Amino acid sequence: MKSKVRAVFASITIALTLSASCLAQEAATRGRRAANAPAAEATVTVSEQFLNSFLTAIFDNLKEPSMPLAIGGATSSSECASEIRLKREVNGVRTAVHFENGHIVGPLAFSGAYNASLMGCIGFSGWADSEVTLEYDNSRRAVVARFRVRDIHLNDAPAVLTGPLLGMVQGTIDRKYNPVELFTLEKLSTKVDIQPAGGALRLQATDVRVEVLPNIVTLHIFYQFVRG
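Now for a description of the structure that goes with this document. Computed from a prediction, not measured in an experiment: that's the story for all the values here.

1. Considering the overall build of the protein
Next, step 1: Each helix and strand in the protein was counted, giving four helices and 13 strands.
Next, step 2: For the protein, buried positions account for 31% of its 228 residues.
Next, step 3: Relative to all contacts within the protein whose residues are 6 or more apart in sequence, the contacts with residues 24 or more apart total 53%.
Next, step 4: Looking at the protein as shown, the accessible area adds up to about 14,300 Å², and 58% of this sits on carbon and sulfur atoms.

2. A short note on the packing of aromatic side chains
Next, step 1: A complete count under the given rule lists one aromatic pair for this structure.
Next, step 2: Ring geometry for phenylalanine 110 against phenylalanine 124: centres 6.1 Å apart, planes inclined by 65 degrees, an arrangement best described as edge-to-face. On the criterion of sequence distance, the pair formed by phenylalanine 110 in strand β7 (residues 103-116) and phenylalanine 124 in strand β8 (residues 120-137) is long-range, its members being 14 residues apart. Phenylalanine 124 carries the same exposure label as phenylalanine 110, and that label is buried.

3. Considering a nonpolar patch on the surface
Next, step 1: On the surface, Val192, Ile194, Leu201 and Phe225 cluster together into a nonpolar patch covering about 320 Å² of accessible area.
Next, step 2: Locating valine 192 in the fold gives a position in strand β11 (residues 190-194).
Next, step 3: Overall, valine 192 belongs to the partly exposed group, its relative accessible area being 37%.

4. What to know about unusual backbone geometry
Next, step 1: Note the cis peptide between asparagine 178 and proline 179, where omega equals -15 degrees.
Next, step 2: In this structure, proline 179 sits in the loop between α3 (162-176) and β10 (180-184).
Next, step 3: Located in the positive-phi region is asparagine 91, a residue other than glycine, with phi close to 50 degrees.
Next, step 4: Assignment of secondary structure puts asparagine 91 in the loop between β4 (89-90) and β5 (93-94).
Next, step 5: With a phi angle near 55 degrees, arginine 141 is a residue other than glycine that sits in the positive phi range.
Next, step 6: Its place among the elements puts arginine 141 in the loop between β8 and β9 (142-154).

5. What about the pattern of salt bridges?
Next, step 1: Considering all chains together, one arrives at 11 salt bridges under this definition.
Next, step 2: With its nearest N and O atoms 3.0 Å apart, the salt bridge here joins arginine 146 to glutamate 135. Taken together, the positions of arginine 146 in strand β9 and glutamate 135 in strand β8 put the pair 11 residues apart, joining distant regions of the chain.
Next, step 3: A salt bridge links arginine 140 to glutamate 181; its shortest N-O distance comes to 3.2 Å. A residue pair is termed long-range when its members are at least 10 positions apart, and arginine 140 in the loop between β8 and β9 and glutamate 181 in strand β10 qualify at 41 residues.
Next, step 4: Connected via shared salt-bridge partners are Asp129, Glu131, Arg148 and Arg150.

Reading guide: rules and limits
- Residues numbered from 1 in each chain as written.
- Predicted model: local features only at pLDDT ≥ 70, side-chain atom pairs only at ≥ 80, totals over all residues.
- Heavy atoms only, no water.
- Helix = DSSP H or I, 4+ residues; strand = E, 2+ residues; numbered from the N terminus.
- Buried < 20%, exposed > 50% of the residue type's maximum accessible area, 1.4 Å probe, protein only.
- Contact = heavy atoms within 4.5 Å.
- Areas by Shrake-Rupley, 256 points an atom, 1.4 Å probe, with all protein chains shown as cover.
- Phe/Tyr/Trp six-rings, centres within 6.5 Å; stacked < 30°, edge-to-face > 60°.
- Patch = residues over 30% accessible without salt bridge, like charges linked within 9 Å, V, L, I, M, F, W, Y side chains within 5 Å.
- Salt bridge = Lys/Arg side-chain N within 4 Å of Asp/Glu carboxyl O.

If you want it as structure tokens, here you go:
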């Protein structure tokens, strides 16, 4: 009787050992296949015309984008709100974007007011020489945009206001907006159901490279395919 029990236990042990060995070999094979698979890359291109049409749609369908000026002693009242407002066009200068030397640049037309206790309410208008840099932020796992106002040109305000206004606008942008997340890896990922194969594959975005060329900006998105 004891010999039969020992034989049964021996058979079970051998079966478990063979099963574990097969599973290990299968996992190793899957790992080699994944390691040898070529990188999956998808590209998305956006043109200058697309972005400028997007700006036009904002002015046609929404309110003019505005930003409060809340530093440098600025205050707001019902009669005079300290703010800067993006305009479609001011004195022949139209808000637009261009691709140049790896950056997105362009004039931003604006108007606004600055309400200070010593000077009262000062209205102004003009355009700003602006720059947008796109990059992939690994810590955020996202494509981000950083906005910088390089210069301000005022039409109807004291020249002494140019420097402080530039500092206030850039300071507000840095405190409230920079950097702006455009696309996260999660938003660039998706799942595809493959019913004939009895399952689904998840297209998992793992990295993004941004390339700004004349007239277009290209996102090179790298994917890993995993069981969904």
